[in-house]
Amino acid sequence: MSVRTRFAPSPTGPLHMGGVRTALYAYLFARRHKGQFILRIEDTDRNRYVPGAEEYIIESLKWCGILPDEGVGFGGIHTPYRQSERKEQGVYADFSKRLMDAGHAYYAFDTPEELEVERKKAESLGNPAWQYDAASRPSMRNSLNMTDGEVSDLLQKNTPHVIRLKVESGRTIAFNDMVRGDVSFDSSLVDDKVLIKADGMPTYHLAHIVDDILMEVTHAIRGEEWLPSAPAHILIYEYLGIAQPKYAHLPLLLKPEGNGKLSKRDGDRLGFPVFPLEWKDPASGEVSSGYREKGYYPEAFVNMLAMLGWNDGTEQELFSMDELIERFDFERVHKAGARFDPEKAKWFNEQWLRKQSDTTLGGNLALQAEVVFGAEQHIVSKAYCTGAVRLLKDRVQFEGEFLEKGRYLFETPAEYDEKVVAKRWNPTAKQFVESFIPVLESAAEFRAEPLKSSFEHHAAASGLKPGDVLQLFRVIVSGQGSGVDLFGMVELLGRTEVINRIQRALLQLPSC
RNA sequence: GGCCCGUUCGUCUAGGGGUCUAGGACAUCUCCCUUUCACGGAGGAAACACGGGUUCGAUUCCCGUACGGGCUACCA
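Please read all numbers here as calculations on a predicted model, not as lab measurements.

Within the structure shown, the criterion is met by 39 salt bridges. Between Lys120 and Glu116 there is a salt bridge whose closest N-O contact spans 3.3 Å. Taken together, the positions of Lys120 and Glu116, both in helix H5 (residues 112-124) and 4 residues apart, correspond to about one turn of that helix. A relative accessible area of 35% places Glu116 in the partly exposed class.

Below, the discussion takes up the confidence of the model for chain A. Model confidence for chain A is summarised by a mean pLDDT of 96, while 100% of its residues fall at 70 or above. Quick note on the complex model: pTM equals 0.95, ipTM equals 0.96.

Structurally, the position occupied by Leu144 is in the loop between H5 and helix H6 (148-156). Sequence separation between Leu144 and Lys120 is 24 residues; the distance between their C-alpha atoms is 24 Å. Contact partners of Leu144, with chain neighbours within four places excluded, come to Tyr106, Arg137 and Lys166.

Formed by 123 residues in total, the largest nonpolar core has its most connected members in Met304, Phe330, Leu409 and Phe410. When residues in this core are grouped by element, the largest group, 10 residues, is from helix H1 (residues 17-32). Membership of the second largest hydrophobic core comes to 31 residues, among which are Phe95, Met100, Leu165 and Ile234.

Next up on the list: the protein's contact with RNA strand B. Looking at RNA strand B, there are 62 residues lining it, with Arg180, Lys197, Glu317, Arg395 and Gly483 nearest. Sugar and phosphate atoms form 73% of the subset of RNA strand B atoms that lie within 4 Å of the protein. Contact distances for RNA strand B include 3.3 Å between a phosphate oxygen and a backbone N or O atom of Tyr204. In this structure, Gly309 approaches RNA strand B through a main-chain N or O atom, which is 3.1 Å from a phosphate oxygen.

What follows concerns helix H19 (residues 466-478). Between the first and last C-alpha of H19 there are 18 Å, a value that for 13 residues agrees with the 18 Å anticipated at 1.5 Å per step. Looking at H19, one finds that the buried residues are Val469, Leu472, Phe473, Arg474, Val475, Ile476, Val477 and Ser478. Residues of H19 that are buried in the fold lie against helix H16 (418-424), helix H17 (427-442), helix H18 (448-461), helix H20 (486-493) and helix H21 (495-508). One or two steps after H19, the chain reaches Gly479, where phi turns positive at roughly 85°.

A word on the packing of aromatic side chains. Under the criterion given, the structure shown has 27 aromatic pairs. Here Tyr291 and Tyr296 contribute two aromatic rings whose centre-to-centre distance is 4.8 Å and whose plane-to-plane angle is 70°, an arrangement assigned as edge-to-face. Both residues of the pair, Tyr291 and Tyr296, count as buried. Ring geometry for Phe455 and Phe473: centres 5.0 Å apart, planes at 35°, overall tilted. Highlighted residues: Phe455 in helix H18 and Phe473 in helix H19, separated in sequence by 18 residues. Under the relative-accessibility criterion, Phe473 is labelled buried at 2%. What links up through ring pairs into an aromatic cluster is the set Tyr25, Phe29, Trp310, Phe319, Phe328 and Phe330. Over the ring of Tyr132 we find Arg164, and its NZ or CZ is 3.8 Å from the ring centre.

The next point concerns the environment of Ser435. Structurally, the position occupied by Ser435 is in helix H17. Taking the C-alpha atoms as reference points, Ser435 and His458, 23 residues apart in sequence, are found 8.7 Å from one another. One polar contact links the side chain of Ser435 to the main-chain carbonyl oxygen of Phe432, over a distance of 2.8 Å. Here the side chain of Ser435 touches His458 through a polar contact of 2.8 Å, side chain to side chain.

Their axes nearest at 11 Å, the elements H19 and H20 cross at an angle of 35°. Helix-helix and strand crossings are classified by hand; for H19 and H20 the assignment is left-handed. Between H19 and H20, the residues in contact are Leu470, Phe473, Arg474, Val477 and Ser478 and Leu486, Phe487, Met489, Val490 and Leu493, respectively. Residue classes in the contact of H19 with H20 are distributed as 8 nonpolar, 1 polar and 1 charged.

Attention now moves to the sheet that holds strand S5 (residues 162-165). Neighbouring strands of a sheet are bound in pairs by backbone hydrogen bonds; such pairs are parallel or else antiparallel. Strand order in the open sheet formed by 3 strands is S4-S5-S8, and the pairing between neighbours is antiparallel. This sheet does not close on itself; its edge strands, each paired only once, are strand S4 (105-108) and strand S8 (194-196). Adjacent strand axes in the sheet meet at a mean angle of 45° when their direction is disregarded. One ladder, built from 4 bridges, connects S4 with S5; its direction is antiparallel. Pairing of Tyr107 across the sheet is with Ile163, part of S5.

In this section: the pairing of S5. On S5, burial covers both faces: Val162 and Arg164 on one face and Ile163 and Leu165 on the other are all buried. In this structure, S5 lies alongside S8, joined through 2 bridges in antiparallel fashion. Following the sheet pairing, Ile163 is matched in S8 by Ile196.

To continue, consider the side chain of Arg222. Positionally, Arg222 belongs in strand S9 (residues 219-223). No salt bridge is formed by the buried Arg222; the nearest opposite charge belongs to Asp212, separated by 6.5 Å. Side chain to side chain, Arg222 and Tyr204 meet in a polar contact 3.1 Å long. The contacts of Arg222, once residues within four sequence positions are left out, are Thr22, Tyr204, His208, Ala230, His233, Tyr247, Ala248, His249 and Leu250.

Conventions and cut-offs
- Residues numbered from 1 in each chain as written.
- Chains lettered and ligands numbered in written order.
- Predicted model: local features only at pLDDT ≥ 70, side-chain atom pairs only at ≥ 80, totals over all residues.
- Heavy atoms only, no water.
- Salt bridge = Lys/Arg side-chain N within 4 Å of Asp/Glu carboxyl O.
- Helix = DSSP H or I, 4+ residues; strand = E, 2+ residues; numbered from the N terminus.
- Buried < 20%, exposed > 50% of the residue type's maximum accessible area, 1.4 Å probe, protein only.
- pLDDT = per-residue confidence, 0-100.
- Contact = heavy atoms within 4.5 Å.
- Core = buried A, V, L, I, M, F, W, Y, C linked by side-chain atoms within 4.5 Å.
- Near = heavy atom within 4 Å.
- Polar contact = N/O pair within 3.5 Å; in protein donor to acceptor, adjacent residues only side chain to side chain.
- Expected span 1.5 Å × (residues − 1).
- Phe/Tyr/Trp six-rings, centres within 6.5 Å; stacked < 30°, edge-to-face > 60°.
- Lys NZ or Arg CZ within 6 Å of the ring centre and 35° of its normal.
- Axes fitted to C-alpha atoms, helices over the stretch in contact; angles between N-to-C directions.
- Left-handed = near helix turned anticlockwise from the far one by under 90°.
- Nonpolar A, V, L, I, M, F, W, Y, C, P; charged D, E, K, R; others polar.
- Pairing = 2+ DSSP bridges.
- Lys, Arg positive; Asp, Glu negative; His and termini not counted.

Dropping the structure here:
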């Protein structure tokens, strides 16, 4: 049987980067084993449904290159892939009936208010966690404690009720988790989970199992938050007489600083995205930033996520999706939660940026430049922008930084670094700069190396050391005291522009 | 509180009884390169939570404690 994994998010808002990582691992595992990866939407909670969330999830996965073989928006033969629609087909009711008929589930007529009363009562007795289980079940209003007549009477009157799993007490439920190894629980501590809610919708516990069975999922890969309910799930499989899938409970992503798991708040507070794509909350209008909009490459984002809790055992850190597929294994997933480091995330992007060719980056930069400076100028040509990229490439982490960090390659400076001017601008220097113009005009080759030599010769001829005027010259050309390779910049700007800039500086700088 | 999971440099991690004077990466510091700033190169500081066992020998195995995380809904 081929490996089949799924990612089954709830459309309750934007997809958290931790969720993306879970999807990624499930995807990698499926691909690694030549199996299929499914996207299923778990929308059984009508109260938490957020419009647009489903589209957001799909778009996020596409952006990341985590492409499902089947699922909402991706086709497949196990349709529908949305639980609300599957409910219409009656699949959940069928399975709950099977459990009920076998005596492993029962009707419970207790209202939420009554349950709340029980909890309060227990709390006042010093028990902070009352639960509906083998111990409390005999004193509750459920079909186990009623005659068939009473039950059918209540059902006939449409009395609100749920269906609960009848968990046997006193058993040890053990299983082998692909990342954690052997794990075991005492079934006495597992509560009688609600299988079907009063509104007729299945809960996650029932729905995911029914769907995993029907969709032939072989490996259930999910977050660590599901580990405590895994024994209930295993019991359901057992009661159904169907083999359980292999489980992998992944460690969670933790806040960069402080305690707890990574949340939306941390992103706002520390200034990094927690979502793959930008998200605008439809209710509040609040906008949360996304990795895509921040300028991250999807490859870098995926690479970074993959390394947060997994490594291939070597010292390699840069992986393409194909390499990840080739090497990924749950045995090498770290068991403890991983604290997210925004700085390292940027580093991954920097590394991926350097892998891009100069011409690719130049083309992208040309597009950006055209938006800012308009078309029809040589500075927005691909050739010019590629030249700019060569000068700037190893000083940026994001493509969006080319323009801001290399502004002077596109615009004549309006201001000049005051400190350098104060220190270096004097009659001698001025005379030198003025007299350098003819040198530039007559330069046979307007290229970095020869220009640098003639600059040095000219300085020497003027009785100056290059150091006396180099930085000043840089400020005159770019306005800034530091930046890209000086003569590389001069070459790129070209003869006309450089001379223009010098003449302009001569007018702008204070007389001396 | 209860249950479950976890615990190596500030962070992500390698390590699976002797090879550990514990390796790499990010961040940080110093130096070199350089006209500057970056990049790059070299180097530094920096960790096995604690206590018991087991063993000739524990970072590696077991137990306990501490700490961290998750769960404890008719949410997923």
